[in-house]
Amino acid sequence: MKTLENQTLLYDEDCPLCRVYTKGFIKAGMLDENGKKPYCQLTEEEQNFIDIKRASNEIALVDKEYKTVLYGIDSLLKVIGYSFPWMEKIGNWKTINILLKKLYSFISYNRKVIMPSKKKEATKLECIPDFNIKYRIFYIVFATIITIFTLYKCAQIITILPKASITREIILAVGQIGFQLLFLTKVDKKTNLNYIGNLITISLLGTIILCPIIILSSIIELPQFFMITWFGMTVCIMIAEHFRRINILELPKYLTLTWILYRIIALIIILNI
């Protein structure tokens, strides 16, 4: 593996994904030992030639010798392409490059609702992406669609529930957002969408946990008790995660109670239809 020297990636230390892949580049020998640096540790000298606002949205690759900077997909392609030139070449094809940049922006602008972190009062320079309403709404819609189809498949294998339908799952998923918004009417739009983003991420987490039993049930017949227990454990994990995120977002704790209340009401309605 060829090592790209005198280059430093500025990463968000509160983003688990950012920590993993920057560390991975160094472990793989694609960057030298000084190949990564937390964004919050930028010096005043570095801030003179680095676009700090852009670097909070797109990971920056700093050339320490020539004081030049690449951002986002361009920086990642430079690192990967030094060891695998063919990957950089493919990544720079016009159509593929546009798609990669869109995908990168989709993840980057939503990374704080995918993996939220507490605001650090003592830190003057925080790597917080801009609030992009287009990518936030797209993320909410995308994650909601995945949740709907996963829950539909799950409802099909739990036979004690009434017959599953996509319409029912759409109503439940959208209804959850609307119900919770009733208790956030006095909060600004940005806070509302940040909360909904976190809410949908919790649902997405639940679908990931449910995937193993959906896959297993297509291979072997699983006992209903086992599947209901798994589903119950999933709900408990989601409740705990909702409470954790509410604390991080510094929103009212009663939102976890209203979230539970909605699910109880929904279950009662389903069982009585």
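Each remark here, short or long, concerns the structure printed above.
Procedures and definitions
Residues numbered from 1 in each chain as written. Predicted model: local features only at pLDDT ≥ 70, side-chain atom pairs only at ≥ 80, totals over all residues. Heavy atoms only, no water. Helix = DSSP H or I, 4+ residues; strand = E, 2+ residues; numbered from the N terminus. Contact = heavy atoms within 4.5 Å. Areas by Shrake-Rupley, 256 points an atom, 1.4 Å probe, with all protein chains shown as cover. Lys, Arg positive; Asp, Glu negative; His and termini not counted. Charge placed at Lys NZ, Arg CZ, Asp CG, Glu CD. Salt bridge = Lys/Arg side-chain N within 4 Å of Asp/Glu carboxyl O. Buried < 20%, exposed > 50% of the residue type's maximum accessible area, 1.4 Å probe, protein only. Expected span 1.5 Å × (residues − 1). Polar contact = N/O pair within 3.5 Å; in protein donor to acceptor, adjacent residues only side chain to side chain. Phe/Tyr/Trp six-rings, centres within 6.5 Å; stacked < 30°, edge-to-face > 60°. Pairing = 2+ DSSP bridges. Core = buried A, V, L, I, M, F, W, Y, C linked by side-chain atoms within 4.5 Å.

Peer 1: Would you mind going over the overall build of the chain with me for this structure?
Peer 2: When helices and strands are tallied, the chain shows 11 helices and four strands. In terms of its C-alpha atoms, the chain occupies a principal-axis envelope of roughly 70 × 45 × 30 Å. Pairs at least 24 residues apart make up 65% of the contacts formed inside the chain by residues separated by at least 6 positions. About 15,500 Å² of surface is accessible on the chain, with carbon and sulfur atoms providing 66% of the total. For the chain, the distance from the average position of its 33 positive side-chain charges to the average position of its 23 negative side-chain charges is 7 Å.

Peer 1: Looking at this structure, how should I read the pattern of salt bridges?
Peer 2: Proximity of charged atoms lets side chains of opposite charge pair with each other. Counted under the stated rule, the structure contains 10 salt bridges. Put simply, Lys67 and Glu45 hold a salt bridge, and the shortest N to O gap is 3.8 Å. You can see Lys67 sitting in the loop between β3 (60-63) and β4 (68-71) and its partner Glu45 sitting in helix α2 (residues 44-47), a full 22 residues away along the chain. Judged by its relative accessible area of 51%, Glu45 is exposed. One salt bridge connects Arg168 with Glu169, and the closest N-O pair in it is separated by 3.3 Å.

Peer 1: Looking at this structure, I do not really get helix α10 (residues 224-249). What am I missing?
Peer 2: One full turn of an α-helix is made of 3.6 residues, so residues set three or four places apart face in the same direction. The first and last C-alpha atoms of α10 sit 37 Å apart over 26 residues, in line with the 38 Å expected at 1.5 Å per residue. Each element contacted by the buried residues of α10 is listed here: α6 (94-114), α7 (133-157), α8 (166-181), α9 (189-217) and α11 (254-272).

Peer 1: For this particular structure, what's the right way to read the side chain of Asn57?
Peer 2: Within the secondary structure, Asn57 sits in helix α3 (residues 52-57). We classify Asn57 as buried; its relative accessible area is 7%. Among the polar contacts made by the side chain of Asn57, one reaches the main-chain amide nitrogen of Asp130 at a distance of 2.7 Å. Ignoring any residue separated from it by four or fewer positions in sequence, one finds Asn57 in contact with Tyr104, Ser108, Tyr109, Arg111, Pro129 and Asp130.

Peer 1: Looking at this model, I keep getting lost on the packing of aromatic side chains. Mind explaining?
Peer 2: For any pair of aromatic rings, the description consists of the separation of the ring centres together with the inter-plane angle of the planes. Within the structure shown, the criterion is met by nine aromatic pairs. With a centroid separation of 6.5 Å and an interplanar angle of 65°, the aromatic rings of Phe183 and Tyr254 are classed as edge-to-face. Note that Phe183 is positioned in the loop between α8 and α9 and Tyr254 in helix α11, a separation of 71 residues in sequence. Joined through ring pairs, the aromatic side chains of Phe106, Phe138, Tyr139 and Phe142 make up one cluster.

Peer 1: Before we go on, may I ask you to explain the pairing of β4 in this structure?
Peer 2: Regular strands have side chains that alternate between both faces of the sheet. Side-chain alternation along β4 places Val69 and Tyr71 on a buried face and Thr68 and Leu70 on a face that remains uncovered. Strand direction decides the pairing type here: β3 and β4, joined by four bridges, are antiparallel. The partner of Leu61 across the bridge, within β4, is Leu70. Here β3 hands over to β4 after four residues, with Lys67 in that stretch at a positive phi of 55°.

Peer 1: What is the right way to look at the nonpolar core in this model?
Peer 2: Within soluble globular proteins, side chains that are nonpolar generally end up buried alongside one another. Counting 16 residues, the largest nonpolar core has Leu9, Phe25, Leu31, Ile59 and Val79 as its most contacted members. Those elements that place two or more of their residues in this core are β1 (7-11), α1 (16-27) and α4 (73-83). When residues of this core are assigned to their parent elements, the largest contribution, four residues, is made by α4. In terms of nonpolar packing, the next biggest core, distinct from the first, is built from 12 residues, Phe106, Tyr109, Ala143 and Ile196 among them.

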